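A closer look at the structure
Given next are the chains, with one letter for each unit.
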Amino acid sequence: MAKNTRKEQNEDLLENPEKVTTEKINKAEAFIENNRKLVTYIGGVIGALILIGWFAYGYYEDQSNEAQVEMFPAQFYFDKDSFNLALNGDGASLGFLDIANEYSWTEAGNLANFYAGVCYMKLGQYEDAIEYLSAFSANDWVLQARAYSLIADANMELELPGEAISHYKKAVDYEPNKSFTPTYMMKLALAYETMGDWSNAAEVYEELISTYPNASQIQDAKRFKARAETEAQRQAS
C-alpha cells in the first residue's frame with residue numbers, strides 16, 4: 001500500500017511541477033521564520049564581506065594609481081643614469097626604494113624592486129642588487145627572465161659562479177625565445193667555463209647552435225664550442 005501511495009505522489013508531482021516549487025518556497029520560508037537570527041547574522045556577514053571587498057578593491061586601485069604617479073620622477077632619473085636619485089628620490093619625490101616599500105603590494109611597487117635592482121647593479125652594489133631583483137616577480141616573459149639573468153650577473157661579479165649558473169638556467173628556461181634566450185645561454189656557458197666545467201659549457205653551446213641557428217651569437221658559439229670540447233677532452237685524458 002505504501003508503494004502505491006509513493007507512486008501516486010510521484011505521478012502527482014510530475015503532473016504538477018509547480019507543487020514542488022511551492023513546497024520548496026514554503027520550506028524556505030519556514031526555515032527563515034524559525035532561524036531568523038541566524039539568517040540575519042549570515043546576511044550581515046556576507047554584506048560586510050562584500051562591503052570590505054569593495055573598499056579594499058577601491059583602496060588597491062587608489063594605491064596603484066598613486067604608486068604609478070610616484071614612479072615617474074624615479075624613472076626620469078633612471079633614464080638619465082642618475083641612479084642614486086632614482087633609488088633614493090630627490091627630496092620632493094620618492095625613489096624606487098621607498099616606492100617598493102610603501103607600495104609593495106601593487107604592480108608599481110613590484111616593478112620598483114626590479115628598477116632598484118638594476119640601479120644597484122649599475123652602482124656596483126651587487127648584494128643589494130640581488131636582494132631587490134629577488135623580490136621582483138612577474139609573469140612578463142621579458143622582465144622575469146631578465147631579472148634572473150641580472151641576479152646571475154651579480155653573482156658572477158661576487159665570484160659565485162655556482163649561484164650564477166643556477167639563475168642563468170632559470171633565465172634560459174623561462175619562456176625561451178630567439179630574442180633573448182641565446183644571450184642567456186652564452187652567459188650560462190661562460191659561467192660553466194669559469195667553473196672549469198668545459199663539458200657542460202660545450203653542451204650549452206651545442207644546444208644554442210642547434211636551437212637558434214640564426215642567432216647573432218652563432219659564430220661565437222661555434223668557436224667557443226670547439227674550444228670547450230678541446231678543453232673537455234684534455235680534462236678527460
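Just so it is clear, the model here is predicted, and its values are computed rather than measured.

Remarks on the overall build of the chain
- When you go through the chain residue by residue, the secondary structure sums to 12 helices and 0 strands.
- Along the chain, helices (α) and strands (β) appear in the sequence α-α-α-α-α-α-α-α-α-α-α-α when read from the amino end.
- Across the 237 residues that make up the chain, the buried fraction comes to 35%.
- Across the chain, contacts joining residues at least 24 apart in sequence account for 47% of those joining residues at least 6 apart.
- Surface accessibility of the chain: about 14,900 Å² in total, with carbon and sulfur atoms responsible for 53%.

Concerning helix H9 (residues 161–173)
- The end-to-end C-alpha distance of H9 is 18 Å, a good match for the 18 Å that 13 residues give at a rise of 1.5 Å each.
- Of the positions making up H9, those classed as buried are Pro161, Ala164, Ile165, His167, Tyr168, Ala171 and Val172.
- Buried-residue contacts for H9 involve helix H8 (143–157) and helix H10 (181–194).
- A positive phi of about 45° marks Glu175, the residue just after H9.

Structural notes on the packing of helix H6 (residues 107–122) against H8
- Packing of H6 against H8 brings their axes to within 11 Å, and their N-to-C directions diverge by 30°. Once H6 is placed against H8, the crossing between them reads as left-handed. Packed against H6, whose contacting residues are Leu111, Phe114, Val118 and Met121, the element H8 presents Leu143, Arg146, Ala147, Leu150, Asp153 and Ala154 at the interface.
- Split by residue class, the contact of H6 with H8 holds 8 nonpolar, no polar and 2 charged.

Remarks on the packing of aromatic side chains
- Per the counting criterion, the structure on display carries 11 aromatic pairs.
- Following the ring pairs from residue to residue traces out a cluster consisting of Phe78, Phe83, Phe96, Phe114, Tyr115 and Phe136.

Regarding helix H12 (residues 218–236)
- With 19 residues, H12 ought to run about 27 Å at 1.5 Å a step, and its terminal C-alpha atoms sit 26 Å apart, in line with that.
- Among all positions of H12, only Ile218, Ala221, Phe224, Lys225, Ala228 and Ala232 are buried. For H12, the angular spread of buried residues about the axis comes to 115°, placing them on one side. Summarising the geometry of H12, the exposed residues directed more than 90 degrees from the buried face are Gln219, Gln233 and Arg234.
- Residues of H12 that are buried make contact with H10 and helix H11 (198–211).

Things to note about the confidence of the model for the chain
- Predicted confidence across the chain gives a mean pLDDT of 83, with 72% of residues reaching 70 or more.
- Here residues 6–15 is a poorly scored stretch, pLDDT under 50, and it has 3 contacts once near neighbours within four places are set aside; other chains count.

Quick word on the nonpolar core
- Residues Met71, Phe78, Phe96, Ile99, Phe114, Cys119 and Leu133 are the most contacted members of the largest nonpolar core, which totals 31 residues.
- Those elements that provide at least two residues to this core are helix H3 (36–79), helix H4 (83–88), helix H5 (96–102), H6, helix H7 (126–135) and H8.
- Ranked by the residues each element gives to this core, the list is headed by H6, at 9 residues.
- One finds Ala171, Ala189, Ala202 and Ile209 within the second-largest nonpolar core, a separate group that totals 29 residues.

Topic: the environment of Ser104
- Mapped onto the secondary structure, Ser104 falls in the loop between H5 and H6.
- Assessed through its relative accessible area of 48%, Ser104 is described here as partly exposed.
- C-alpha of Ser104 to C-alpha of Ala135: the two residues are 31 residues apart in sequence and 9.8 Å apart in space.

A short note on the pattern of salt bridges
- Taken as a whole and judged by the stated rule, the model has 6 salt bridges.
- As a salt-bridge pair, Lys225 and Glu229 come within 3.7 Å of each other at their nearest N and O atoms. Of the two residues, Lys225 and Glu229 are both situated in helix H12; the distance of 4 residues between them amounts to about one turn of the helix.
- Judged by relative accessible area, which is 34%, Glu229 ranks as partly exposed.
- The shortest N-O distance in the salt bridge between Glu231 and Arg234 comes to 3.2 Å. Taken together, the residues span about one helical turn, with Glu231 and Arg234 both in helix H12 at a distance of 3 residues.
- Taking relative accessible area as the criterion, Glu231 reaches 22% and is therefore assigned partly exposed.

Each value, and the rule that gives it
Residue indices begin from 1 for each chain and proceed along its sequence in written order. Restriction of local features to residues with pLDDT of at least 70 applies here, the model being predicted, together with a cutoff of 80 or more for giving and counting side-chain atom pairs; totals for whole chains, interfaces and linings are based on all residues. Remark: hydrogens and water are excluded; side-chain values derive from all non-hydrogen atoms of the structure. Starting at the N terminus, helices and strands are each numbered in turn, a helix being any DSSP run of H or I of at least four residues and a strand any DSSP run of E of at least two. With a 1.4 Å probe rolled over the protein chains alone, any residue whose accessible area is under 20% of its type maximum counts as buried; one over 50% counts as exposed, and the rest are partly exposed. The contact criterion used throughout is that any non-hydrogen atoms of two residues lie within 4.5 Å. Using a 1.4 Å probe, accessible areas were evaluated by the Shrake-Rupley method; residue-level cover was limited to the displayed protein chains. Multiply 1.5 Å by the residue count of a helix minus one, and that product is the helix's expected span. Simply put, an axis is a line fit to the C-alpha atoms, just over the touching stretch for a helix, and the angle between two N-to-C directions goes from 0 to 180 degrees. The sense of a crossing depends on the near helix, which, turned anticlockwise from the far helix by less than a right angle, makes the crossing left-handed and, turned clockwise, makes it right-handed. Classes in brief: Ala, Val, Leu, Ile, Met, Phe, Trp, Tyr, Cys and Pro nonpolar; Asp, Glu, Lys and Arg charged; the others, Gly included, polar. Two rings from Phe, Tyr or Trp (for Trp, the six-membered ring) form a pair when their centres sit within 6.5 Å of each other. Planes less than 30 degrees apart are called stacked, planes more than 60 degrees apart edge-to-face, and all others tilted. The directions considered for the arc are those from the helix axis to the C-beta atoms. Every residue is assigned a pLDDT by the predictor, reflecting its confidence on a scale from 0 to 100. Note on terminology: a nonpolar core comprises buried Ala, Val, Leu, Ile, Met, Phe, Trp, Tyr and Cys residues joined through side-chain atoms within 4.5 Å. What counts as a salt bridge is simple: a side-chain nitrogen of Lys or Arg found within 4 Å of a carboxyl oxygen of Asp or Glu.

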